[in-house]
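# Observations on the three-dimensional arrangement
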There are 2 protein chains.
Amino acid sequence: MPSPLPSRSRGPKPTKVDPDHLLDAAQAVFAEEGLRAASLRAIARRAGCDPALIYYHFSSKEALFLALLNRRFPALLRDMARLAEPTDLRPTPLRLWEVLLIYHRYFKDDPGIRALIRGEIVRGAEGLGHLIEDQIRPMVGSIRQIFEQGIARGEVRPGVQPLLATFFLAKMQLEILDVLPAVLPLLMELPPEGAVLTGMRAWLEILWRGVALDASAPLPTLPYPQA
Amino acid sequence: MPSPLPSRSRGPKPTKVDPDHLLDAAQAVFAEEGLRAASLRAIARRAGCDPALIYYHFSSKEALFLALLNRRFPALLRDMARLAEPTDLRPTPLRLWEVLLIYHRYFKDDPGIRALIRGEIVRGAEGLGHLIEDQIRPMVGSIRQIFEQGIARGEVRPGVQPLLATFFLAKMQLEILDVLPAVLPLLMELPPEGAVLTGMRAWLEILWRGVALDASAPLPTLPYPQA
DNA sequence: ACCAATATTCAACACCTGTTGAATTGGACC
DNA sequence: GGTCCAATTCAACAGGTGTTGAATATTGGT
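Conventions adopted
Residues numbered from 1 in each chain as written. Chains lettered and ligands numbered in written order. Predicted model: local features only at pLDDT ≥ 70, side-chain atom pairs only at ≥ 80, totals over all residues. Heavy atoms only, no water. Helix = DSSP H or I, 4+ residues; strand = E, 2+ residues; numbered from the N terminus. Buried < 20%, exposed > 50% of the residue type's maximum accessible area, 1.4 Å probe, protein only. Contact = heavy atoms within 4.5 Å. Areas by Shrake-Rupley, 256 points an atom, 1.4 Å probe, with all protein chains shown as cover. Buried area = accessible area lost by both parts, 1.4 Å probe. Salt bridge = Lys/Arg side-chain N within 4 Å of Asp/Glu carboxyl O. Polar contact = N/O pair within 3.5 Å; in protein donor to acceptor, adjacent residues only side chain to side chain. Nonpolar A, V, L, I, M, F, W, Y, C, P; charged D, E, K, R; others polar. Core = buried A, V, L, I, M, F, W, Y, C linked by side-chain atoms within 4.5 Å. Phe/Tyr/Trp six-rings, centres within 6.5 Å; stacked < 30°, edge-to-face > 60°. Least-squares fit on C-alpha atoms with pLDDT ≥ 70 in both. pLDDT = per-residue confidence, 0-100. Axes fitted to C-alpha atoms, helices over the stretch in contact; angles between N-to-C directions. Parallel < 35°, antiparallel > 145°, perpendicular 65-115°, else oblique. Left-handed = near helix turned anticlockwise from the far one by under 90°. Expected span 1.5 Å × (residues − 1). Bend = angle between axes of the 7 residues up to and from the residue.

To continue, consider the overall build of chain A. When helices and strands are counted, chain A shows ten helices and zero strands. For chain A, the proportion of its 227 residues judged to be buried stands at 50%. Partitioning the contacts of chain A with sequence separation of at least 6, the portion at a separation of at least 24 is 67%. Carbon together with sulfur atoms contributes 57% to the accessible area of chain A, which is approximately 11100 Å² in total.

Set out below in structure tokens:
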């Protein structure tokens, strides 16, 4: 008979696929493929479900990505804002090191977001742009304040432009997280695991000597993140 | 009659579409869209011809892109190698400034290649990777030599790792060319035209103070490129 | 035991992609 | 004036993309 032979596989699964699991899969695929090349079918495959299910939980691919951003940024912004409070009287180089550590903490597992910040900003605001800017502007503001306070406290040279210094600090940290582990082993004997921390440390040394009022003053001891 | 009604538009045009014109169009589209998103149809549209014509001159999209690289890199590598010759006894900061200027000269009109260098290296060698590495390795080598000579001449701190310093110098220059003009006007009163040179200058000041043996020594006067 | 809401899949749509083979034309040479 | 080659276009292929509407199981409430 040409009966529509009921396929067994539809309907809810025994264990629900909750949206957070979808976000995990999406993050992984965005990380590997980049924002544009990551396909919903690949994300669905990773999550072990049908592409259409993504549309049950999120209204579009873009919405899925925005949800990904909103899962990560607010906490990052909070940490960054706390660090920039003027009541924090620790030496400026130490606070800048903390900035790098916060970056490291929030971005190390998420090349997808890094790629977005790195690349998509360049192309101008294509839909996502304005929202990213909303997230990035306060972050930039916090770091900038640290530099400004550093000048006011006589630790940073007055000639240094806080905004440019912020740009250098933050941009390079993204490059260190992204590119250094891939490139350093190719060109030198350093193992990839150590590359990031070695790079961060060398970077802060150069940047700090570059902006410090007294370049010959030694760096304070920098706390390393717990492995 | 169902005669095949001879279409008028085939055959050679009055003015040939030479491959170089195709490369120009490809460069423009790669620049705007990025390597992956740039379509052959868009390139053909820009060049005013049919997509199939591209396959008459180049064997594939990848070959087209490689031809683009080969049009730019050799001259860049030559300039960079000449700059790194040990007979060049000018002060190290001035030579580093020349490195930035060479970058500026060769890359300022080609965001496509910059995007490639910035992004595609990260994803590892997917076909293009190895060739890019062949072009980039000698470039990195030249800059590194300048730092090493700087140490030998007592201008650069011995503690500085030449390879990491090279990484910082070169990477940041790409960011300055790409991101700074898009971002600075958003966050500060600087006009976009001045952003690149202002950024380059501030960057060299910080980097040089960061790596110099005597951080209090003034920078030599830096020649600006002719506008 | 029924019913409604929820979570899931299937199949298709329209469109875009790199690529190719055949058809066609213009110009150069003899 | 005929012949050949180089340059160009057309039409199609096979595959991938985001997205949607309908069909279908499962679960929880009453």
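Resuming the write-up.
Here we take up the interface of chain B and chain A. Tallying the contact residues gives 46 residues for chain B and 46 residues for chain A. Between chain B and chain A the total buried area reaches about 4000 Å² when both faces are included, carbon and sulfur atoms providing 73% of it. Per-residue buried area on chain B facing chain A is highest for F168(B), I206(B) and R209(B); these three make up 16% of the total on that side. At the surface where chain B touches chain A, the tally comes to two salt bridges. At the boundary of chain B and chain A, one finds six residue pairs in polar contact (both at pLDDT 80 or more). Contributions of two or more residues to the side of chain B that touches chain A are made by α1 (19-33), α7 (129-152), α8 (162-178), α9 (180-187) and α10 (192-211) of chain B. Classifying every residue of the side of chain B that touches chain A by side-chain character gives 27 nonpolar, five polar and 14 charged.

Moving on, we get to the nonpolar core. If you look at the biggest cluster of nonpolar residues, it comprises 149 residues, and the most contacted ones within it are F107(A), F168(A), W203(A), F107(B), F168(B) and W203(B). Leaving out residues up to four positions away in the same chain, F168(B) has contacts with M172(A), I176(A), G199(A), A202(A), W203(A), I206(A) and W203(B).

Tallied over the entire structure, the rule returns 13 aromatic pairs over all chains. Between F30(B) and F65(B), the aromatic rings sit 5.1 Å apart at their centres with planes inclined by 90 degrees, giving edge-to-face as the arrangement. Placement of F30(B) in helix α1 and of F65(B) in helix α4 (residues 61-83) is noted, with a sequence separation of 35 residues between them. With respect to class, F30(B) is no different from F65(B); both count as buried. Here the aromatic residues F167(A), F168(A), W203(A), F167(B), F168(B) and W203(B) are joined through ring pairs into a cluster of three or more.

Our next topic: the relation of the copies chain B and chain A. With an RMSD of 0.1 Å, the operation that places chain B on chain A is a rotation of 180 degrees combined with a shift of 0.0 Å along the axis. The two molecules are tied by a two-fold rotation axis, judged by turn and shift. Across chain B, the smallest distance between a C-alpha and the rotation axis is recorded for G210(B), namely 2.0 Å. A symmetric contact is evident, with 100% of the interface residues of chain B recurring at the interface of chain A.

Looking now at the confidence of the model for chain A. Overall, the predicted model of chain A reaches an average pLDDT of 85, with 83% of residues at or above 70. In this model, residues 1-7 of chain A is a region of pLDDT below 50 whose contacts with residues beyond four sequence positions or in other chains number zero contacts.

Take the pattern of salt bridges next. Residues and elements named next belong to chain A. Under the defined criterion, the tally for this structure stands at 22 salt bridges over all chains. Measuring nitrogen to oxygen at the nearest pair gives 2.9 Å for the salt bridge that ties R46 to E32. With R46 in helix α2 (residues 40-47) and E32 in helix α1 (residues 19-33), the pair connects residues that are 14 residues apart, well separated along the chain. Ionic pairing is found between D88 and R90, a salt bridge with its closest N-O pair at 2.8 Å.

For the rest of this paragraph, the subject is the packing of α1(B) against helix α2 (residues 40-47) of chain B. Residue and element names in this part refer to chain B. Where α1 meets α2, the closest approach of the two axes is 8 Å, and the angle between their N-to-C directions is 125 degrees. Taken together, α1 and α2 sit at an angle that is classed as oblique. When you trace α1 past α2, the crossing you get is right-handed. Touching H21, L22, A25, A26, A28, V29, F30 and E32 of α1 are A42, I43, R46 and A47, all from α2. In terms of residue class, the contact of α1 with α2 is built from nine nonpolar, one polar and two charged.

All names here are of chain B. An ideal rise of 1.5 Å per residue puts 33 Å on 23 residues; α4 measures up with 34 Å between its terminal C-alpha atoms. Helix geometry: α4 is bent most strongly at F73, by close to 30 degrees, with proline P74 lying one to four residues after it. Those residues of α4 that fall on the buried side of the exposure criterion are L64, F65, L66, L68, L69, R72, F73, L76, L77, D79, M80 and L83.

Positionally, E98(B) belongs in helix α5 (residues 92-107). Residue E98(B) is classed as buried on the basis of its relative accessible area, which comes to 19%.

Turning our eyes to something else, we now look at the environment of V196(B). All names here are of chain B. In this structure, V196 sits in helix α10. The class for V196 is buried, based on a relative accessible area of 11%. Note: C-alpha distance between V196 and H104 (92 residues apart in sequence) is 9.1 Å. Among all residues touching V196, those that are not within four sequence positions of it are H104, I176, L177 and P181.

Residues and elements named next belong to chain B. Running from N to C, α1 and α4 cross one another at 95 degrees; their axes reach a closest spacing of 10 Å. Between α1 and α4, the interaxial angle falls into the category roughly perpendicular. From α1, D20, L23, D24, A26, Q27 and F30 reach across to α4, where they touch K61, L64, F65, A67, L68, R71 and R72. Its residues assigned to classes, the contact of α1 with α4 comprises seven nonpolar, one polar and five charged.

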